[in-house]
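Summary of the model geometry
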Amino acid sequence: MRIISAQSQAETAAAAAEDVARALDVDRRGAPDFVALHFGDAMPAEALRAAARSALGTEALHGGSSCLGVMSRDGLALDTGGGAAALALYDPEGSYGTASRDLGDDATAAARQAAETALAAAGRPGELPDLVWLTTAPGREEQVLAGLRAVFGAETPIVGGSAADADVQGGWRQIGPGTSHADGVVVSVLFPSRPIASVYQSGYGPTGRSGVVTRVDGRRLYEIDGRPAMEVYRDWTGGAVPAAGEAPVSILADATFWPLGRVARHVAGVPFHLLGHPAVAYPDGSMDLFVDLSEGDRLWQMAGSSDSLVGRAGRVAAQAREAAGGAGGALVIYCGGCMLAVRERMEDVRAGVDAALEGAPWIGVFTFGEQGVPPGGQAEHGNLMISCTVFADRV
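Not measured: the values here are computed from a predicted model. (Residues numbered from 1 in each chain as written. Predicted model: local features only at pLDDT ≥ 70, side-chain atom pairs only at ≥ 80, totals over all residues. Heavy atoms only, no water.)

1. Some details on the packing of helix 4 (residues 107-121) against helix 5 (residues 141-152)
Where helix 4 meets helix 5, the closest approach of the two axes is 7 Å, and the angle between their N-to-C directions is 40°. With respect to their mutual orientation, helix 4 and helix 5 come out oblique. Crossing of helix 4 over helix 5 shows right-handed handedness. Across the interface between the two elements, Ala107, Thr108, Ala111, Arg112, Ala115, Glu116 and Leu119 of helix 4 pack against Gln143, Val144, Ala146, Gly147, Leu148, Ala150, Val151 and Phe152 of helix 5. In the contact of helix 4 with helix 5, the residues fall into ten nonpolar, three polar and two charged. (Axes fitted to C-alpha atoms, helices over the stretch in contact; angles between N-to-C directions. Helix = DSSP H or I, 4+ residues; strand = E, 2+ residues; numbered from the N terminus. Parallel < 35°, antiparallel > 145°, perpendicular 65-115°, else oblique. Left-handed = near helix turned anticlockwise from the far one by under 90°. Contact = heavy atoms within 4.5 Å. Nonpolar A, V, L, I, M, F, W, Y, C, P; charged D, E, K, R; others polar.)

Next comes the structure, spelled out in structure tokens:
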């Protein structure tokens with residue numbers, strides 16, 4: 001098994017695909033068995049997909065847009081919104097398959113169909129892969145995970161992130177082998193010849209304040225403990241996040257250091273919080289989040305800092321490397337909201353990941369929702385999370 005990363009600063013699809021193919025030395029090595037290709041949100045997705053299929057020749061091509069840009073062992077690219085980064089696996093002893101679907105009216109069914117098609121493409125129908133790599137449009141991640149669990153069960157690791165754009169205006173894109181999507185899901189099944197380890201965490205801690213959801217509709221939170229949600233939230237944060245006036249107001253940036261958490265499980269007696277990012281405040285005192293909630297959920301006020309968001313990524317990568325027994329290559333997911341909050345320090349984030357992976361090839365994606373596996377649990381969807389998935393450097 002050989003793992004190679006490549007990064008392009010090019011702003012056109014053709015040039016980016018050529019840069020990646022050249023870095024992978026496709027003319028000499030041939031088509032990779034699997035390629036994760038993630039790209040800045042300004043890159044035209046369909047043009048990149050077509051150019052990459054032609055230049056790389058792989059059937060298992062998996063991609064999605066990343067907020068502003070990408071990062072990798074080769075550097076940080078955030079200035080233009082263009083560019084692309086690829087992690088390629090050459091693994092003739094493994095099996096890989098990728099498929100995509102429009103989410104349509106039934107995201108659960110679309111995810112299930114993509115999963116079954118990916119297994120068939122890998123030549124492993126009915127089997128359970130070592131890893132499912134996921135890219136989906138934001139908004140229905142819980143439904144997508146339900147569809148994947150219907151195929152893979154609760155034990156298969158499902159890791160990835162929701163495609164992103166620069167400003168939460170719906171410019172995100174997803175690419176599979178045959179087409180690109182504005183509101184789709186891309187599923188890859190990986191049966192590599194080396195072990196995999198994945199770590200999924202956040203850079204936030206609980207403040208001690210909590211309350212119970214007493215009125216909610218999907219991702220619209222109306223009441224906590226029978227009070228307007230924004231009233232409670234502003235009390236908990238000391239007014240750090242503004243309320244709405246006569247019109248809805250985006251609180252995405254202000255809420256980045258103040259997410260709400262639910263305890264997904266306890267690990268050695270320590271609670272693991274799955275985070276939700278408040279996005280919009282409404283005049284009626286309700287708020288939108290980027291996760292689904294249910295009545296009866298207990299929400300904890302979480303808090304983070306610039307230092308915690310900068311340092312956590314490297315620690316997550318180090319834990320994944322140690323769990324794998326050494327890194328041969330890695331896929332890193334870092335929340336786009338966290339990236340925007342510490343944008344001026346993102347080179348420190350990149351350098352921390354690079355040091356933790358000890359020179360292994362890797363790429364990093366900035367997402368608007370993160371899917372991963374908490375310790376001792378099944379795959380979950382959260383916000384403001386970080387994951388690192390490492391392919392071991394030996395069998």
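2. As for the packing of aromatic side chains
Following the criterion strictly, the structure yields four aromatic pairs and no others. Here the aromatic rings of tryptophan 172 and phenylalanine 368 are separated by 6.2 Å at their centres, their planes lie at 85°, and the arrangement is edge-to-face. One end of the pair, tryptophan 172, is in the loop between strand 9 (158-162) and strand 10 (174-175); the other, phenylalanine 368, is in the loop between strand 24 (362-367) and strand 25 (370-372), and 196 residues separate them in sequence. Each member of the pair, tryptophan 172 as well as phenylalanine 368, carries the same accessibility label: buried. On the numbers, 6.4 Å between centres and 85° between planes, the contact of tyrosine 334 with phenylalanine 366 is edge-to-face. (Phe/Tyr/Trp six-rings, centres within 6.5 Å; stacked < 30°, edge-to-face > 60°. Buried < 20%, exposed > 50% of the residue type's maximum accessible area, 1.4 Å probe, protein only.)

3. Digging into the pattern of salt bridges
Under the counting rule described, the total for this entry stands at 20 salt bridges. Glutamate 322 is the salt-bridge partner of arginine 321, the closest N and O atoms lying 3.6 Å from each other. The class of arginine 321 is buried, set by a relative accessible area of 14%. Beyond isolated ion pairs, a larger network of salt bridges with shared partners links Glu141, Glu142, Arg219 and Asp292. (Salt bridge = Lys/Arg side-chain N within 4 Å of Asp/Glu carboxyl O.)

4. A word on the sheet that holds strand 3 (residues 61-66)
Pairing within the open sheet is mixed, and its six strands lie in the order 1-6-2-3-10-11. Bordering the open sheet on either side are strand 1 (2-8) and strand 11 (180-181), each of which pairs with just one other strand. Two strands pair when backbone bridges link them, and strand 1 and strand 6 (residues 84-90) are joined in this way by seven bridges, in the antiparallel orientation. Among the inter-strand pairings, alanine 6 is bridged to a residue of strand 6, identified as alanine 86. Against the sheet, helix 1 (residues 13-24) engages strand 1 and strand 6, with an angle of about 145° to strand 1. In this fold helix 3 (residues 45-56) packs onto strand 2 (34-40), strand 3, strand 10 and strand 11, with an angle of close to 150° to the strand it touches most, strand 2. (Pairing = 2+ DSSP bridges.)

5. Quick word on unusual backbone geometry
The bulk of non-glycine residues show a negative phi, and the bulk of peptide bonds are trans. The backbone of aspartate 25 sits at a positive phi, close to 55°, despite the residue not being glycine. Along the polypeptide, aspartate 25 turns up in the loop between helix 1 and helix 2 (26-29). In this model, glutamate 358 sits at a positive phi of 55°, which is unusual for a non-glycine residue. Given a relative accessible area of 60%, glutamate 358 falls into the exposed group.

6. A closer look at the sheet that holds strand 27 (residues 385-392)
If you walk across this open sheet you meet the six strands as 5-4-24-23-27-13, and the pairing is mixed. One side of each edge strand has no neighbouring strand; the edge strands of this open sheet are strand 5 (75-77) and strand 13 (196-202). Strand after strand, the sheet turns through a mean of 15° between neighbouring axes, direction not considered. Pairing between strand 23 (residues 327-335) and strand 24: six bridges, direction parallel. Bridging across to strand 24, alanine 330 finds its partner in tryptophan 362. Contacts from helix 7 (residues 306-324) reach strand 13, strand 23 and strand 27 within the one sheet, and its direction differs from that of strand 27 by about 30°.

7. Here's the deal with the packing of helix 7 against helix 9 (residues 346-356)
Contact pair helix 7 / helix 9: the axes reach a minimum separation of 8 Å and the direction vectors enclose 15°. The pairing of helix 7 with helix 9 is recorded here as roughly parallel in orientation. For the pair helix 7 and helix 9, the sense of crossing is right-handed. Contacts from Leu309, Val310, Ala313, Gly314, Ala317, Ala318 and Arg321 in helix 7 reach Asp348, Val349, Gly352, Val353 and Ala356 in helix 9.

8. Some thoughts on the pairing of strand 27
In terms of burial, strand 27 is a largely internal element, eight of the eight residues being buried. Pairing between strand 13 and strand 27: seven bridges, direction antiparallel. Each bridged residue has a counterpart across the sheet, and for tyrosine 200 the counterpart in strand 27 is serine 387. Relative to strand 27, strand 23 runs antiparallel, the two sharing seven bridges.

9. What about helix 6 (residues 229-236)?
What helix 6 keeps buried is the set Ala229, Met230, Val232, Tyr233 and Trp236. Here the buried residues of helix 6 occupy an arc of 160° about the axis, which is enough to place them on one side. Of the residues one or two after helix 6, glycine 238 is the one with positive phi, at around 65°. (Arc of directions from axis to C-beta.)

10. Re helix 1
Helical geometry: 3.6 residues make up each α-helical turn, so side chains three or four residues apart lie on a common side. With twelve residues, helix 1 extends 17 Å from end C-alpha to end C-alpha; this agrees with the ideal 16 Å at 1.5 Å per step. Where helix 1 is concerned, the buried positions are Ala13, Ala16, Ala17, Val20, Ala21 and Leu24. Take helix 1 and look down its axis: the buried residues cluster within an arc of 130°, on one side only. Just downstream of helix 1 lies aspartate 25, where phi reads positive at about 55°. (Expected span 1.5 Å × (residues − 1).)

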